[in-house]
Protein chains: 2
Amino acid sequence: MILSKKIKEAVDRLASLPGIGPRQAIRLAFFLSRSGREFSGHLSEAIRSLGETKVCESCFFIHENNSSSENFCEICSDTSRLGNIIALVEKETDLLSLEKTGKFKGRYLVLGDLKKNGVLGNEERRRIEIFKNRVKNSSSGKLEEIILALSPTSFGDFNASMLEKELSGLAKKITRLGRGIPTGGEIEFADEETLSHALENRS
Amino acid sequence: MILSKKIKEAVDRLASLPGIGPRQAIRLAFFLSRSGREFSGHLSEAIRSLGETKVCESCFFIHENNSSSENFCEICSDTSRLGNIIALVEKETDLLSLEKTGKFKGRYLVLGDLKKNGVLGNEERRRIEIFKNRVKNSSSGKLEEIILALSPTSFGDFNASMLEKELSGLAKKITRLGRGIPTGGEIEFADEETLSHALENRS
């Protein structure tokens, strides 16, 4: 094959990223080769410095908050946020989406991608245990509320019921995000389950 | 916004790559943050070294052939390849696809992505001029054949006829890749134009 060693190496590395297939990896590698030293240098540096971000010891969100002596993210360091209401999310991007609403004043627990078999992986298990111990050792020993902010898909529902058992007793109530017709959605095209929830949750 | 500076920077850089949107860029940045120093370090290094690849002075393919004193790629340095049959391709990946057939013994001209308005951009114009001059200054002054290996889309056809005029006189014949039913394709589902070509090119 006439692909040079550097290109091959880059294609392999790029193709190992989620959502990037071998074809796109080849296209990206040639694009970067064509774009020259400065462009690829900037991207390279930006990616390298991602390796230096930190994981919050409390909620496991990725951050680079250097102001606190401990390894807490900005949200967990923010004393105006309610520590007794926790939204459990799978991904960092889910946390960002909830933050964008500006309506949530509690804190988070980023659990990591949940498997589809309803069993927690090692890292998710570790995070849950740390979270449980923290709650149990807190002054009240119990949270006000845990919001299981998982997507309302069948896997999300499945994992939510598993997590509800896992976390029972840790909070006065365990809730999920409300279901209904999304803003801009039309009743005509809403499925029966969505409409049933919309009827139940009417306000 | 609670995105850290490093993540923001990486998201911007990743989103500037072709085929990667802002959402995927955020997902990739978090994935890389989670993957740790070693993973992002390897990817970073692979991308940085892409900036050090070279462009062949003859066919403009990207390479890192260090054996020749001049900046020629492996194909252009290979004296067993026919220098008087040139396949003109848009992208490096098109060259790779043709090479994979193992059937082409000529050389290439990588022109770069052609615009949809039938006008050559600056870089493509420069490459065409260098190519023309090289052919004119060669001993024979004329090539045996130029294959316009552009995809048979309507834009490809349009650009091919533009290039045919541009390159006329440079080669004894200017051809395009054969059209017909692709291997594995069914006659029933072939469009009329494809079938017409298949009838004409029957063998």
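One structure accompanies this document, and this report is about it.

Basis of the calculations
- Residues numbered from 1 in each chain as written.
- Chains lettered and ligands numbered in written order.
- Predicted model: local features only at pLDDT ≥ 70, side-chain atom pairs only at ≥ 80, totals over all residues.
- Heavy atoms only, no water.
- Helix = DSSP H or I, 4+ residues; strand = E, 2+ residues; numbered from the N terminus.
- Rg over C-alpha atoms; globule rule 2.2 N^0.38 Å.
- Buried < 20%, exposed > 50% of the residue type's maximum accessible area, 1.4 Å probe, protein only.
- Contact = heavy atoms within 4.5 Å.
- Areas by Shrake-Rupley, 256 points an atom, 1.4 Å probe, with all protein chains shown as cover.
- Buried area = accessible area lost by both parts, 1.4 Å probe.
- Salt bridge = Lys/Arg side-chain N within 4 Å of Asp/Glu carboxyl O.
- Polar contact = N/O pair within 3.5 Å; in protein donor to acceptor, adjacent residues only side chain to side chain.
- Phe/Tyr/Trp six-rings, centres within 6.5 Å; stacked < 30°, edge-to-face > 60°.
- Pairing = 2+ DSSP bridges.
- Axes fitted to C-alpha atoms, helices over the stretch in contact; angles between N-to-C directions.
- Least-squares fit on C-alpha atoms with pLDDT ≥ 70 in both.

## A closer look at the overall build of chain A
Tallying secondary structure elements over chain A gives seven helices and six strands in all. Since a compact globule built from 203 residues should have a radius of gyration of about 17 Å, the 21 Å found for chain A marks it as more spread out than a globular shape. Residues counted as buried form 43% of the 203 residues belonging to chain A. In chain A, the proportion of contacts linking residues at least 24 apart, taken out of those at least 6 apart, comes to 46%. Within the structure as shown, chain A displays about 11300 Å² of accessible surface, and the carbon and sulfur contribution to it stands at 50%.

## Topic: the side chain of A:Ser44
With respect to the element layout, A:Ser44 can be found in helix H2 (residues 22–50). When residues no more than four places from it in sequence are discounted, the contact partners of A:Ser44 are B:Ser44, B:Glu45, B:Ile47 and B:Arg48.

## So, the interface of chain B and chain A
Each partner contributes residues to the interface: chain B has 53 residues there, and chain A has 53 residues. Taking both partners together, chain B and chain A bury about 5100 Å²; carbon and sulfur atoms supply 72% of that area. The three residues of chain B that bury the most area against chain A are B:Ile2, B:Lys6 and B:Leu50, which together make up 14% of that side's buried surface. Inspection of the chain B/chain A interface yields six salt bridges. The residue B:Glu52 makes a salt bridge to A:Lys6 at a minimum N-O spacing of 3.5 Å. Here chain B and chain A share 13 residue pairs in polar contact (both at pLDDT 80 or more) between them. When residues of the side of chain B that touches chain A are traced back to their parent elements, those giving at least two are helix H1 (5–15), helix H2 (22–50), strand E2 (62–63) and helix H4 (92–101) of chain B. Here the side of chain B that touches chain A gets 23 residues from one element, more than from any other, and that element is H2(B).

## So, the packing of aromatic side chains
Where two aromatic rings form a pair, the distance of their centres and the angle of their planes describe that pair. Across all of its chains, the model carries six aromatic pairs over all chains by this definition. Between A:Phe31 and A:Phe39, the aromatic rings sit 5.7 Å apart at their centres with planes inclined by 85 degrees, giving edge-to-face as the arrangement.

## Describing the sheet that holds strand E6 (residues 171–176) of chain B
Residues and elements named next belong to chain B. The strand order across the open sheet formed by four strands is E4-E3-E5-E6, and the pairing between neighbours is parallel. Each having just a single partner strand, strand E4 (107–110) and E6 make up the two edges of the open sheet. When the angles between neighbouring strand axes are averaged without regard to direction, this sheet yields 25 degrees. The pairing of strand E5 (residues 143–148) with E6 spans five bridges and is classified as parallel. Its bridge partner lying in E6, Leu143 is registered against Ala171. Across the sheet, H4 is in contact with strand E3 (85–89) and E4; its angle to E4 comes to roughly 160 degrees. The sheet strands contacting helix H6 (residues 154–167) are E3, E5 and E6, and the helix crosses E6 at an angle near 180 degrees.

## Focus on the relation of the copies chain B and chain A
Mapping chain B onto chain A calls for a rotation angle of 180 degrees and an axial translation of 0.0 Å; the resulting RMSD is 0.0 Å. As the rotation angle and translation indicate, the two copies are arranged about a two-fold axis. Considering only C-alpha atoms, the residue of chain B closest to the rotation axis is B:Ser44, which sits at 2.1 Å. The share of interface residues of chain B whose copies in chain A are also at the interface is 100%, consistent with both copies meeting through the same surface.

It is worth stressing that arrangement in space is one thing and function is another; only the former is reported here.
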